Amino acid sequence: MTEENREYRTSQIMLRNQFHGKDKFKIPIIPKGNFGDKDFQNLLLIGFDRTNIRDEHHLNRMVHFFLYDYKFERIWKKPDYDIEKLKRYRAVLSPDFSICREMNPSMQLYNTFRNRWCGAYFASKEIRVIPTVSWGDENTFDFCFKGISKGSVVAVSTYMVSEHGNHADQKDFFLKGYREMLRQIEPERIICYNTPFPEMEGNIIFVDYELSSWKYQNHSKSSKYAKYLTGQLSPVKSRAILIKRGYVFPQQEEKGMGSAYGGEWKPKKPDDERFIGKPGEIKTTKDKNGNLRLTKIGEDGKAVSERHFSDHGYPRHHSIPHDHELVWEHNHFH
């Protein structure tokens, strides 16, 4: 064995064994951070992909990783690369490597390990760390809450399990894991990025999804959010008032837990209602130009085909009438 090969085989980038977990999987433990009430006043987050070593305007934010994994994969491959930059911010949430419900169980365990290892590594470099918690179905509950000290502050996001477009929320799935998290970790506080579900219990610190968005990172005094971003008004509102006001936040590049394909498909606008019905039913509707459409509902109550009595302005490509087959895959149809 050459010296180069020996160094590689025994390096921490290869072994990742310097942090000793207590469970059978030896998942690294993120030490409980020292946080006070002031740490959560006027709290905003900043995405890891928006951090900068020359940043002077957002250092009072906590860094989050509620992003597509490829945007922070280097944190795992080259953990020292961003250390000095991350030290400058108020705190860092541990990287939220995806744990989608459809993911192979070995990958779910691996991504839990990576989350905790990076968090433990950051803490070893004197960065204040808050564990980010994600879970899959119940078969992940024996490992996905490991590596977090009891009574810690933790962070979750409801974005990917909330209603999006034509997809229903995944609230039942989320709450099952959330309650198990409360039981196993007994967190002191829960940072919730995006609107909490009304059924969520615990000491929840709501972090405004939109105010933390990159859209308002480089704000101006003319921005409608300027008073929040400059500290004149607090973005931290009571949960009861927030839910009653029914805040709606814009979509961003987010990922995390829940189904990789989104929740069950649901009609978003009246015209979408034609794709759902009684088995064997043929629904008659008209398009925006008044042209007839016949939609056939399959045995599972979802549309399987549709006949259009229009050429859609392209007579060379569409006869009158012509048919479309609808194929449903992973809560989408095409």
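Residues numbered from 1 in each chain as written. Predicted model: local features only at pLDDT ≥ 70, side-chain atom pairs only at ≥ 80, totals over all residues. Heavy atoms only, no water.

It is worth spelling out the sheet that holds strand β7 (residues 204-207) at this point. The strand order across the open sheet formed by 3 strands is β5-β6-β7, and the pairing between neighbours is parallel. Only two strands of the sheet have a single partner each, and these edge strands are β5 (154-157) and β7. Taking the axes of each pair of neighbouring strands and ignoring which way they run, one obtains an average angle of 25 degrees across the sheet. Pairing between strand β6 (residues 190-193) and β7: 4 bridges, direction parallel. Within the sheet, the bridge partner assigned to I191 lies in β7 and is I205. Against the sheet, helix α6 (residues 171-185) engages β5, β6 and β7, with an angle of about 180 degrees to β5. (Pairing = 2+ DSSP bridges. Helix = DSSP H or I, 4+ residues; strand = E, 2+ residues; numbered from the N terminus. Axes fitted to C-alpha atoms, helices over the stretch in contact; angles between N-to-C directions. Contact = heavy atoms within 4.5 Å.)

One finds V133, W135, F174, Y178 and M181 to be the most contacted residues of the largest nonpolar core, which totals 24 residues. Secondary structure elements with two or more residues in this core: β5, α6 and β6. (Core = buried A, V, L, I, M, F, W, Y, C linked by side-chain atoms within 4.5 Å. Buried < 20%, exposed > 50% of the residue type's maximum accessible area, 1.4 Å probe, protein only.)

Among the secondary structure elements, K77 is positioned in helix α3 (residues 74-77). K77 sits in the exposed class, given a relative accessible area of 55%. Separated by 64 residues in sequence, K77 and I13 place their C-alpha atoms 7.5 Å apart. Setting aside chain neighbours within four positions, we find K77 in contact with I13 and R16.

Between the first and last C-alpha of helix α5 (residues 105-124) there are 29 Å, a value that for 20 residues agrees with the 28 Å anticipated at 1.5 Å per step. Near the N-terminus of α5, the side chain that reaches the backbone nitrogen of S106, with its oxygen 2.8 Å away, is that of N104. (Expected span 1.5 Å × (residues − 1). Polar contact = N/O pair within 3.5 Å; in protein donor to acceptor, adjacent residues only side chain to side chain.)

Before going further, it helps to spend a moment on the sheet that holds strand β1 (residues 45-47). Strand order across the open sheet formed by 4 strands is β1-β2-β3-β4, with parallel pairing between neighbours. Each edge of the open sheet is held by one strand with a lone partner, namely β1 and β4 (129-130). Looking at chain direction, strand β2 (residues 62-64) and strand β3 (residues 91-93) are connected through 2 bridges and run parallel. Across the sheet, V63 pairs through a bridge with V92, a residue of β3.

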